[in-house]
Structure formats: structure tokens, C-alpha cells
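# A closer look at the structure
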Amino acid sequence: MMNLKKVGNSAMVKMYYEKDCNLDALNGKVIAIIGYGSQGHAHALNLRESGCNVIVGLRKGGKSWPVAEKDGFEVYTVAEAAKKADIVMILINDEVQAAVYKSEIAPNLEPGNALAFAHGFNIRYKQIVAPEGVDVFMAAPKGPGHTVRSQYVAGKGVPCLIAVEQDATGKAYDIALAYIAGIGGARAGILETTMDEETETDLFGEQTVLCGGVVDLMQCGFEVLVEAGYKPENAYFECIHEMKLIIDLINKGGIAAMNYSISDTAEFGEYVSGPRVLPHDEIKANMRKVLADIQDGTFAGRWIAENKNGRTFFNSKRAQLAKHEMEVVGKKLRDEMLWKNDSDLDNASN
């Protein structure tokens, strides 16, 4: 199988499905899932139900330890799990991976082992450098952990990205494909990429559109309506709550399906007012600056430094957002809605 180190615009992108994966590649191998949060619990449970031998590695005394034990897993310290495992999947937060890897995982790796990630950040920015003789691959679901789990239970799957950074054994692709099949990703489709491309596009999408862009857009809309004298509850419903309804339509059938489902008045407003709020040339110019910071390591350096310096900026922004009227009003409204105990959201906090 071809390992694309750099996927250009003209490169043929390879897709894999269940027919291309052989779970037998995991036979006799112990898989250590490091971390038991949203992604960790989903990977561990799905792999076990696919017939794999799974253990969990956690910080001693951490809150996830009894949760993983209750779910029936053998739980060890990270170092113990890494020593017992043939495949080590690191599913703890990006900002702590490097320190945990250096102190607890690296000393216990052996030639022929595989080191796996669901996001390429620490490989891309060389915070983790695997030794020769060890396979390095990425199995990245394109969805949150609770969705990876719920889709698997429903007999479906979440699309995944696959990348092999280091193929020491000559079997890294087979192992990576089998791993993704084990968590259910092959049911939906597996897209071949590289760790560099996954990291850069993932960070870009989060910052400019999915998180940074959408949150700022919703906040601005909410503030404009409230400052104009409209009720905050109405502003919340119009600019925030309905966002999911629109995105669900796009997710199922593209923008055309969304436009088909909304009124012609709304669609006309999309054409005449969208570009006024978000002028394309200006927005794209700003996005290119964000992308440049991601590509040259400026953003990664800032995030690494933020964590080393006590997260002062990060924590202040989080606290500021929590006090914003749109969050206060939104919580009050959600508490009064019938779906306030949505099981997906409960699982997301595991």
C-alpha cells in the first residue's frame, strides 16, 4: 500500500472499507489504550467488542481508573501498560502527550511495537520522536468519542483517517487498517492521508471555521440583537440554538439540501447578506495568515508555551466566555428543554 508523505491537490486519495481490512492482523497482540476519556473509552470498548485484547493505561489515582475497571478492563499505570502492549494508542490530551511519552512510554517500547495516535500534533511538531524499529501510525475518527461509540453500537461507524509515519515492520498499514476496522471506522470509510496534512488541516478547520469561526460568528450575532433591544432568549435561539439544525441538514445532503429545506426568503438572505458579513477576499486573507502560523509552527509554539506558563491566557478566556450572557441565557434555556439529559452529551464528559 502506498504511503503518501505529502498529498497534493492532484494526488489520488485512497479510500478503504471493511473489505480492505483484516482484523487478523491484530491477533495475538495486546493493545494498550492510554487515556479513558471521550476517545479512549470508545476505542477500548469498540476494539474489545471486535475481539481484540485491550488493556487500559492511566495515571494512578485518576478519576478514569475506576470507570475503566467498572467497564471490565484490566487497568495499569501508563508505564506498565506500555510494557505489556504490542500496540500503544495515545489518547490523552495533546499538551501532556510528550511528557507522558518521554517518562512512561518510550522506556518501555521494544522493536516491532507500534505507537499510534488519533491526531498528529506531537509527531508533526516533533514533540514525540519515535525510535527506529517501532511502527508509527494514526487512526483518527472524524467525530467525537461518544459518536464513535454510539455509531459502533448501532452497527455503523464514523469515517476515519489513516496515516503511517514510520513503517518499521513492513506491516504498519495492515495493523492500522485492522485497528480502524476494530473501532468501526471501516464501516463508514477510511481516507488515506499523512500526519502532516491531518494536523495542519485539523488545526486550520478548528480555528477558522468549526470552533473559532463559528463561535465568534454566533457571539457577534447574539450581541448585535441584544444590543439592538431584542430579548436574549430570542437572540440565543436564532443565532446559536438553530446552528445545529442547519449543520445537520448540510451534513446529510450538502448546502443544496439545506437550501431546499429552508424558506426561499432565508436562501435569498444567504446570497445577499452572507458576503456582507463575511467578505470573501478579506476572510480568506485572514485564513491564509492562520494557516501560515500552523504550517510554520507558530501556533504550536504558542500553545506549547501557554501550557508551560500556567495557561494564564487560556484560563482567562475560558472564564470570560463562561460569564458571557449568551452562555448564561443558553444554560437557562437548555435546562428548561425536554432534551436536557441527552445521553450523547453525558457520555461526552466521560
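Conventions used here
- Residues numbered from 1 in each chain as written.
- Predicted model: local features only at pLDDT ≥ 70, side-chain atom pairs only at ≥ 80, totals over all residues.
- Heavy atoms only, no water.
- Pairing = 2+ DSSP bridges.
- Helix = DSSP H or I, 4+ residues; strand = E, 2+ residues; numbered from the N terminus.
- Contact = heavy atoms within 4.5 Å.
- Axes fitted to C-alpha atoms, helices over the stretch in contact; angles between N-to-C directions.
- Parallel < 35°, antiparallel > 145°, perpendicular 65-115°, else oblique.
- Left-handed = near helix turned anticlockwise from the far one by under 90°.
- Salt bridge = Lys/Arg side-chain N within 4 Å of Asp/Glu carboxyl O.
- Buried < 20%, exposed > 50% of the residue type's maximum accessible area, 1.4 Å probe, protein only.
- Phe/Tyr/Trp six-rings, centres within 6.5 Å; stacked < 30°, edge-to-face > 60°.
- Lys NZ or Arg CZ within 6 Å of the ring centre and 35° of its normal.
- Patch = residues over 30% accessible without salt bridge, like charges linked within 9 Å, V, L, I, M, F, W, Y side chains within 5 Å.
- Areas by Shrake-Rupley, 256 points an atom, 1.4 Å probe, with all protein chains shown as cover.
- Nonpolar A, V, L, I, M, F, W, Y, C, P; charged D, E, K, R; others polar.
- Core = buried A, V, L, I, M, F, W, Y, C linked by side-chain atoms within 4.5 Å.
- Right-handed = clockwise from strand over helix to strand, strands pointing away.

## Considerations on the sheet that holds strand β6 (residues 114-117)
Paired through their backbone hydrogen bonds, the strands of a sheet run either parallel or antiparallel. Strand order across the open sheet formed by nine strands is β1-β9-β8-β7-β6-β5-β2-β3-β4, with mixed pairing between neighbours. A strand with exactly one partner marks an edge of an open sheet, and here the two such strands are β1 (15-16) and β4 (75-77). Pairing between β6 and strand β7 (residues 135-141): four bridges, direction parallel. Bridge pairing in β7 places Leu-115 opposite Val-136. Running at roughly 160° to strand β2 (residues 30-34), helix α1 (residues 38-49) makes contact with β2, β3 (53-58), β5 (87-90) and β7 of the sheet. The sheet contacts of helix α4 (residues 94-105) involve β2, β5 and β6, and relative to β5 the element is tilted by about 150°.

## Quick word on the packing of helix α9 (residues 212-227) against helix α10 (residues 232-261)
Each pair of packed helices can be summarised by the angle the axes make with each other and by the distance between the axes. Remark: α9 packs on α10, axes separated minimally by 8 Å, with the N-to-C direction vectors making an angle of 160°. One element, α9, and the other, α10, form an angle in the roughly antiparallel class. By crossing handedness, the relation of α9 to α10 is classed as right-handed. Contact residues: Val-214, Met-218, Gly-221, Phe-222, Leu-225 and Val-226 in α9; Pro-232, Ala-235, Tyr-236, Cys-239, Ile-240 and Met-243 in α10.

## Some remarks on the pattern of salt bridges
Under the criterion given, the structure shown has eight salt bridges. The salt bridge partner of Glu-336 is Lys-332, with a shortest N-O separation of 3.4 Å. Judged by its relative accessible area of 55%, Glu-336 is exposed. The partly exposed category is assigned to Lys-332, whose relative accessible area is 46%.

## A few points about the packing of aromatic side chains
According to the stated counting rule, one finds five aromatic pairs in the structure shown. Ring centres of Trp-303 and Phe-314 lie 5.6 Å apart, and the angle between their planes is 45°; this geometry places the pair in the tilted category. Placement of Trp-303 in helix α13 (residues 298-308) and of Phe-314 in helix α14 (residues 312-322) is noted, with a sequence separation of 11 residues between them. Overall, Phe-314 belongs to the partly exposed group, its relative accessible area being 25%. The residue whose ring lies beneath Arg-302 is Phe-313, and the NZ or CZ to ring-centre distance is 5.3 Å.

## A short note on a nonpolar patch on the surface
A surface patch of nonpolar side chains, amounting to about 250 Å² of accessible area, comprises Leu-217, Val-277 and Leu-278. Tracing the chain through its elements places Val-277 in helix α11 (residues 264-277).

## Looking at the packing of α10 against α11
Packing of α10 against α11 leaves a shortest axis separation of 7 Å and a crossing angle of 125°. One finds that α10 runs oblique with respect to α11. In this structure, α10 contributes Ile-255, Met-258 and Asn-259 to the contact, and α11 contributes Glu-267, Glu-270 and Tyr-271. Along the lines of polarity and charge, the residues of the contact of α10 with α11 split into three nonpolar, one polar and two charged.

## Here we look at the nonpolar core
Nonpolar side chains in soluble globular proteins tend to be buried together. Residues Ile-33, Phe-137 and Tyr-179 are the most contacted members of the largest nonpolar core, which totals 40 residues. For this core, the element with the most residues is helix α7 (residues 172-182), which contributes nine residues. Contacts of Phe-137, omitting those with residues within four sequence positions, involve Ile-87, Ala-114, Leu-115, Ala-116, Phe-117, Ala-163, Val-164, Ile-175, Ala-176, Tyr-179 and Met-195.

## A look at the pairing of strand β8 (residues 160-166)
The buried fraction of β8 is high, at five of seven residues. As judged from the three bridges shared by β8 and strand β9 (residues 190-192), these two strands associate in the parallel manner. Bridge pairing links Ile-162 to Glu-192 in β9. Between β8 and its parallel partner β9, the chain crosses via α7, and the hand of that crossover is right-handed.

## Digging into unusual backbone geometry
With a phi angle near 55°, Lys-126 is a residue other than glycine that sits in the positive phi range. In this structure Lys-126 comes out as exposed when scored by relative accessible area, which is 63%. Phi is positive for Arg-311, close to 55°, though the residue is something other than glycine. Relative to the assigned elements, Arg-311 resides in the loop between α13 and α14. Judged by its relative accessible area of 18%, Arg-311 falls in the buried class.

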